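Close look at the chain arrangement
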Amino acid sequence: MIRSGMLRYARYQAGDFLLQKASVPAVLALFIGGMTVYMSSRGLVPLDWSTEMGAASARAVLKQASDLFFPLAAFLGVNAISSADRQHGHVRFVFSKPVVVPFYYLQQWAVYGAALVLLGGALAVLLQLFTTTIPVVGAMEAAALTWILVGGIGYLCSSVTRFDGALLILGWVVSNILRSMASMQPESPLPSWLLPIVKALPPVDRLDTARSALYAGQSIGSGSVLHVVGYGLACLALGTLILRRRSLIT
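Attention in this report is confined to the structure presented alongside it. (Residues numbered from 1 in each chain as written. Predicted model: local features only at pLDDT ≥ 70, side-chain atom pairs only at ≥ 80, totals over all residues. Heavy atoms only, no water.)

Looking only at helices and strands, one finds 12 helices and zero strands in the chain. A globule of 250 residues ought to have a C-alpha radius of gyration of about 18 Å, and the chain, at 20 Å, matches this closely. Among the 250 residues that make up the chain, the fraction classed as buried is 44%. Considering only contacts within the chain whose residues lie at least 6 apart along the sequence, 76% involve residues at least 24 apart. (Helix = DSSP H or I, 4+ residues; strand = E, 2+ residues; numbered from the N terminus. Rg over C-alpha atoms; globule rule 2.2 N^0.38 Å. Buried < 20%, exposed > 50% of the residue type's maximum accessible area, 1.4 Å probe, protein only. Contact = heavy atoms within 4.5 Å.)

Following this line, the structure appears as structure tokens:
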């Protein structure tokens with residue numbers, strides 16, 4: 001009874017993501033990808049998309065547009081996913097009916113993620129219509145991986161603090177920098193005591209590697225996928241546990 005009532009929120013949650021969260025990133029991705037395709041097709045030497053060079057260019061456009069759209073839409077989608085309701089007092093309205101708090105936000109997280117994956121597939125199909133065959137499924141898988149990691153970490157941050165957006169961005173930037181430095185060869189410039197800590201940071205480098213392979217239509221290593229998915233879902237589980245125990249009023 002309670003769950004069936006909560007499922008009615010799904011259409012509103014989907015509309016919220018599509019209209020308020022993903023609309024601007026989608027427009028930016030469409031503009032950049034569309035301009036690149038147009039200039040390639042209408043230049044002094046129009047690109048033949050049916051050639052090997054054309055196929056490589058189409059995959060490059062897919063990567064360019066997706067690398068903008070997926071992270072930005074994921075960051076905007078998960079930002080304040082639960083903290084905004086606590087901060088603005090919306091919890092009094094949302095949970096005035098018999099609604100299970102963790103289930104509500106888990107459903108919102110899942111709806112947002114599914115919408116991002118479907119949008120990623122739609123954008124890839126649209127690009128394919130004007131170019132040539134590209135890995136549409138790969139683009140959807142890249143969207144899913146992005147949401148699981150970004151969305152999982154953001155969900156945890158939002159469960160803990162109302163400054164979750166700033167914390168998520170800061171953590172992402174720091175992880176990107178430190179993981180890049182830790183992987184430098186032949187020797188990392190980071191002190192040895194810091195390296196174990198870096199390994200515990202979000203695997204943003206593995207996400208980037210996996211997405212690049214998917215855009216190119218290549219297979220990705222199971223180790224990278226398991227690391228990204230495991231990290232994101234662990235954060236999601238921890239965030240859910242915190243929501244079950246913390247006060248909804250801040």
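What follows is about the pattern of salt bridges. Under the criterion given, the structure shown has three salt bridges. The shortest N-O distance in the salt bridge between lysine 63 and aspartate 67 comes to 2.8 Å. One end of the pair is lysine 63 and the other is aspartate 67, both in helix H4 (residues 52–78) and four residues apart, which spans about a single turn. Accessibility expressed as a relative area gives 32% for lysine 63, which makes it partly exposed. Measuring nitrogen to oxygen at the nearest pair gives 3.4 Å for the salt bridge that ties aspartate 205 to arginine 179. Here aspartate 205 is found in helix H11 (residues 204–215), whereas its partner arginine 179 is found in helix H9 (residues 164–182), with 26 residues between them in sequence. With a relative accessible area of 27%, aspartate 205 lands in the partly exposed category. (Salt bridge = Lys/Arg side-chain N within 4 Å of Asp/Glu carboxyl O.)

With that settled, the discussion passes to a nonpolar patch on the surface. Together, Leu30, Val125, Leu126, Leu129 and Phe130 make up an exposed nonpolar region whose accessible area comes to about 490 Å². The leading source of residues in the nonpolar patch is helix H7 (residues 101–130), at four residues. Tracing the backbone shows leucine 30 in helix H3 (residues 23–42). Looking at leucine 30, the relative accessible area reads 41%, which means it is partly exposed. (Patch = residues over 30% accessible without salt bridge, like charges linked within 9 Å, V, L, I, M, F, W, Y side chains within 5 Å. Areas by Shrake-Rupley, 256 points an atom, 1.4 Å probe, with all protein chains shown as cover.)

Another point: the environment of valine 125. Looking at where valine 125 falls in the secondary structure, it is placed in helix H7. A residue is classified by how much of its surface remains accessible, and valine 125, at 37% relative accessible area, is partly exposed.

Moving on, we come to helix H8 (residues 136–160). Counted at 1.5 Å a residue, the expected span for H8 with its 25 residues is 36 Å, and the 36 Å between its end C-alpha atoms agrees. In terms of residue burial, H8 counts as a mostly covered element, since 20 of its 25 residues are buried. (Expected span 1.5 Å × (residues − 1).)

Here we take up the packing of H7 against H8. Packed helix pairs are specified by the crossing angle of their axes together with the interaxial distance, meaning the distance between the axes. Running from N to C, H7 and H8 cross one another at 150°; their axes reach a closest spacing of 8 Å. Relative to H8, the element H7 is oriented roughly antiparallel. Considering only the axes of H7 and H8, their crossing is right-handed. Looking at the contact of H7 with H8 residue by residue, the classes come out as 18 nonpolar, six polar and no charged. (Axes fitted to C-alpha atoms, helices over the stretch in contact; angles between N-to-C directions. Parallel < 35°, antiparallel > 145°, perpendicular 65-115°, else oblique. Left-handed = near helix turned anticlockwise from the far one by under 90°. Nonpolar A, V, L, I, M, F, W, Y, C, P; charged D, E, K, R; others polar.)

With that settled, consider the side chain of threonine 131. Structurally, threonine 131 can be placed in the loop between H7 and H8. You can call threonine 131 buried: its relative accessible area is 14%. Reaching out from threonine 131, the side chain makes a polar contact with the backbone oxygen of leucine 127 at a distance of 2.7 Å. Sequence-distant contacts of threonine 131, defined by excluding residues within four places in its chain, comprise Val37, Trp49 and Ala58. (Polar contact = N/O pair within 3.5 Å; in protein donor to acceptor, adjacent residues only side chain to side chain.)

Here we come to the packing of aromatic side chains. Applying the stated criterion across every chain yields a total of seven aromatic pairs. Between the aromatic rings of phenylalanine 17 and tyrosine 112, the centroid separation amounts to 5.1 Å while the plane-to-plane angle is 35°, which identifies the pairing as tilted. Here phenylalanine 17 is found in helix H2 (residues 9–21), whereas its partner tyrosine 112 is found in helix H7, with 95 residues between them in sequence. A relative accessible area of 0% places phenylalanine 17 in the buried class. Here the aromatic rings of tryptophan 109 and tryptophan 147 are separated by 5.8 Å at their centres, their planes lie at 40°, and the arrangement is tilted. Linking tryptophan 109 in helix H7 with tryptophan 147 in helix H8, this pair joins segments that are 38 residues apart in sequence. Both residues of the pair, tryptophan 109 and tryptophan 147, count as buried. Aromatic rings pair up to connect Phe17, Trp109, Tyr112 and Trp147 into one cluster. (Phe/Tyr/Trp six-rings, centres within 6.5 Å; stacked < 30°, edge-to-face > 60°.)

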